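Descriptive analysis of the structure
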Amino acid sequence: MINVFLLLGSNLGNREAYLQKAIQLIEQNIAPLTNASGIYETQSWGKTDEPDYLNQVVQLNTDLSAKIVLERILDIEIMLGRKRDVKWGSRIIDIDILFYGDNIINEPGLIVPHPELHNRRFTLEPLVELAPDFIHPILKKNILNLKSELKDSLIVKKL
């Protein structure tokens, strides 16, 4: 079984309900969660004129391949009404694979670990809650160290 960390985000509609529904669908279609962070409210990143996000990191164990996990995540986003119109635009739900065990994957459409996670406070705040000692397989630093080195000044607050 592979230990997988996913980042959930929503900044449209009933954001908390979308996170909860995404978790239900992840548990039905991928694997039961083994852990979940608190929910964090975050200023929009990339396109800063968008509504604030709710973000949460979830952890699960699966024997599915990373490619299958990605396909199922994309299906879940579509089931919840996700539309991919504008890069970094507002979204009902966004689900990213942060880590797939300590695997390093670089394929078209699938890069793991997530290439920007070490630069994003909205990712590291909830991730450090679950796995402060997890070692990033490329950067060879634990999550707590990555968070302490952040230059990202976005406001991220736990609800």
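These lines cover the structure that appears in this document, whether it is placed above or below.

What counts and how
- Residues numbered from 1 in each chain as written.
- Predicted model: local features only at pLDDT ≥ 70, side-chain atom pairs only at ≥ 80, totals over all residues.
- Heavy atoms only, no water.
- Helix = DSSP H or I, 4+ residues; strand = E, 2+ residues; numbered from the N terminus.
- Rg over C-alpha atoms; globule rule 2.2 N^0.38 Å.
- Buried < 20%, exposed > 50% of the residue type's maximum accessible area, 1.4 Å probe, protein only.
- Pairing = 2+ DSSP bridges.
- Axes fitted to C-alpha atoms, helices over the stretch in contact; angles between N-to-C directions.
- Parallel < 35°, antiparallel > 145°, perpendicular 65-115°, else oblique.
- Left-handed = near helix turned anticlockwise from the far one by under 90°.
- Contact = heavy atoms within 4.5 Å.
- Nonpolar A, V, L, I, M, F, W, Y, C, P; charged D, E, K, R; others polar.

Digging into the overall build of the protein chain
Along its length, the protein chain carries four helices and eight strands. The C-alpha radius of gyration computed for the protein chain amounts to 14 Å, which stays within 12% of the reference 15 Å derived for 159 residues, consistent with globular compactness. Once the C-alpha set of the protein chain is aligned to its principal axes, its extents read approximately 35 × 35 × 30 Å. The proportion of buried residues among the 159 residues of the protein chain is 51%.

Brief notes about the pairing of strand β5 (residues 94–100)
Within β5, seven of the seven residues are buried, leaving the element largely enclosed by the surrounding structure. Where strand β1 (residues 2–10) lies against β5, six bridges are found, and the strand directions are antiparallel. When the bridges of β5 are listed, leucine 6 appears paired with isoleucine 97.

Considerations on the packing of helix α1 (residues 15–29) against helix α2 (residues 66–79)
Where α1 meets α2, the axes come as close as 10 Å, and the angle between the chain directions of the two elements is 140 degrees. Looking at the two axes, α1 sits oblique to α2. The handedness of the crossing between α1 and α2 is right-handed. Where α1 approaches α2, its residues Ala22, Leu25, Ile26 and Asn29 are matched on the opposing element by Arg72, Ile76 and Met79. For the contact of α1 with α2, the per-class residue count stands at five nonpolar, one polar and one charged.

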